[in-house]
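# Understanding the architecture of this molecule
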Amino acid sequence: MTKNCLKIALKTTIPVFLGYISCGIAFGFVTVNAGYPWWLATLMSIFIFAGAGQFVAIPLFASNAPILVILLTELFLNIRHIVYGLPLINQFRECKRFKPYLIFALTDETFSLLTTTEVPPDIPIEDYFFTLSLLDHIYWVTGSTIGAVVGAMIPFDMTGVDFALTALFAVLCIDQIKKFINRRKETCL
């Protein structure tokens, strides 16, 4: 990863940074509010990295849901990532070193960035994709950890916090619709 690649990726991921820090904090709060230790939020964010799946997992764990129910719920919730991966098959073919991580780190927001931003001509596609994905992952882990640590230290009313991820999806969807409309207008001119 070059300095230029990091600089461009940081600029590109600012909207995800803002969303992931705030939603990650909400996830950390939800985790400790359910009675789990703060570090569980961090570990889940590092090794699972599926925001909606993580939000759904906490109440399933808390209710002692059977493992089969948890697995099926997570499968149905996250099966959309298979569809997300299809448009990236050709680009990921060029990504030999980081391909497993890119597949693991493919979230709704990262998909949005990978499919709507231009790879700078002086940066290899693999480096650019990896840097975007890694930054998004770091943002989520950081937000989750902050929320869990603060939530463990300060009592917090959780009313409405679990809606934060839904709000982020809505904002990103609106942004995608605007970009699509603008591209269609440019194409029609």
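Above this text sits the structure in question.
As the structure is a prediction and not an experimental result, all values here were calculated from the model.

Attention shifts here to the nonpolar core. Counting residues in each nonpolar core, the largest one holds 37 residues, and the members touching the most others are Phe27, Leu102, Leu114, Phe129 and Trp140. The set of elements that each furnish at least two residues to this core consists of helix H1 (3-12), helix H2 (14-33), helix H3 (38-47), helix H4 (51-62), helix H8 (99-104), helix H9 (108-116) and helix H10 (125-153). Leaving out residues up to four positions away in the same chain, Phe27 has contacts with Ala41, Met44, Ser45, Gln54, Phe55, Ile58, Trp140 and Ser144.

One can expect most non-glycine residues to show negative phi and most peptide bonds to be in trans. Located in the positive-phi region is Phe49, a residue other than glycine, with phi close to 45 degrees. Turning to its location among the elements, Phe49 is positioned in the loop between H3 and H4. Phi angles above zero are rare outside glycine, and Asn64 is one such case at about 55 degrees. Here Asn64 shows up in the loop between H4 and helix H5 (67-78).

Our next topic: the packing of H3 against H4. Any two packed helices are characterised by the angle at which their axes cross and by the distance between the axes. Interhelical geometry of H3 versus H4 gives an angle of 135 degrees and a closest axis separation of 11 Å. Judged by the angle between their axes, H3 and H4 are oblique. By crossing handedness, the relation of H3 to H4 is classed as right-handed. Contacts from Ala41, Met44 and Ser45 in H3 reach Gln54, Ala57, Ile58 and Phe61 in H4. Classifying every residue of the contact of H3 with H4 by side-chain character gives five nonpolar, two polar and no charged.

This structure, assessed with the given rule, holds three salt bridges. Across the pair Asp108 and Arg80 runs a salt bridge, and its minimum N-O distance is 2.9 Å. Of this pair, Asp108 sits in helix H9 while Arg80 sits in helix H6 (residues 80-85), and the two are 28 residues apart along the sequence. Look at Arg80 and you get partly exposed, because its relative accessible area is 22%. Across the pair Asp127 and Arg97 runs a salt bridge, and its minimum N-O distance is 2.6 Å. Of this pair, Asp127 sits in helix H10 while Arg97 sits in the loop between helix H7 (89-93) and H8, and the two are 30 residues apart along the sequence. For Asp127, a relative accessible area of 12% puts it in the buried group. In this structure, a network of salt bridges that share partners links the residues Arg97, Glu126 and Asp127.

Thresholds, definitions, all that
Residues numbered from 1 in each chain as written. Predicted model: local features only at pLDDT ≥ 70, side-chain atom pairs only at ≥ 80, totals over all residues. Heavy atoms only, no water. Core = buried A, V, L, I, M, F, W, Y, C linked by side-chain atoms within 4.5 Å. Buried < 20%, exposed > 50% of the residue type's maximum accessible area, 1.4 Å probe, protein only. Helix = DSSP H or I, 4+ residues; strand = E, 2+ residues; numbered from the N terminus. Contact = heavy atoms within 4.5 Å. Axes fitted to C-alpha atoms, helices over the stretch in contact; angles between N-to-C directions. Parallel < 35°, antiparallel > 145°, perpendicular 65-115°, else oblique. Left-handed = near helix turned anticlockwise from the far one by under 90°. Nonpolar A, V, L, I, M, F, W, Y, C, P; charged D, E, K, R; others polar. Salt bridge = Lys/Arg side-chain N within 4 Å of Asp/Glu carboxyl O.

Spatial relationships are all this shows, so hold off on functional conclusions.
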